[in-house]
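Geometric and topological summary
These are the residues of each chain, in order.
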Amino acid sequence: MFLPKYPDSPTPPPAHTHIPTHQEAPVRRSLPSVSIDQKTVVALVVGGVVLTALLAAVAVTAVSVAVAAVVLRSMLRDHHRR
């Protein structure tokens, strides 16, 4: 039947040839030194304690609101049955 005519050359040569150049290894920069004194440690510990206390307060409040909602629902259900 009819077959398409392909070009005779196999694959074209690459358009860009990569020529490696001599490059030096990147210079590693050292991190700046951080001085940790006693005041910093105390501030971090106090901040952690305060945040933990706030999280506990939110959790206790959520539980108490849930319990109050269950009790109210139960009371209202009993009231409607009468």
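Position labels on residues start from 1 in each chain and follow its written sequence. With the structure being a predicted model, the display of local features is reserved for residues of pLDDT at least 70 and the display and counting of side-chain atom pairs for 80 or more, all residues being used for whole-chain, interface and lining totals. Values shown for side chains rest on all heavy atoms present in the structure; no hydrogens or waters enter the calculation.

Turning next to the overall build of the chain. Numbered from the N terminus, helices here are DSSP runs of H or I no shorter than four residues, and strands are runs of E no shorter than two. If you tally the helices and strands in the chain, you get 1 helix and 0 strands. When a residue's accessible area, from a 1.4 Å probe over protein chains only, is under 20% of the maximum for its type it is buried; when over 50% it is exposed; and in between it is partly exposed. Looking at the chain as a whole, 0% of its 82 residues are labelled buried. By element, 68% of the accessible surface of the chain is carried by carbon and sulfur atoms, the whole surface being about 9000 Å². Only the protein chains shown count as cover for residues, and all accessible areas are computed by the Shrake-Rupley method using a 1.4 Å probe.

Take a nonpolar patch on the surface next. There is a patch of nonpolar side chains on the surface, built from Val-34, Ile-36, Val-41, Val-45 and Val-49 and spanning about 500 Å² of accessible area. The topology assignment puts Val-49 in helix H1 (residues 38-81). By relative accessible area, Val-49 is classed as exposed at 54%. Here the term patch refers to residues with relative accessible area over 30% and no salt bridge, with like charges joined within 9 Å and nonpolar side chains (Val, Leu, Ile, Met, Phe, Trp, Tyr) within 5 Å. A side-chain nitrogen of Lys or Arg and a carboxyl oxygen of Asp or Glu constitute a salt bridge if their distance falls within 4 Å.

Fair warning: the whole summary comes from geometry, so function is off the table for now.
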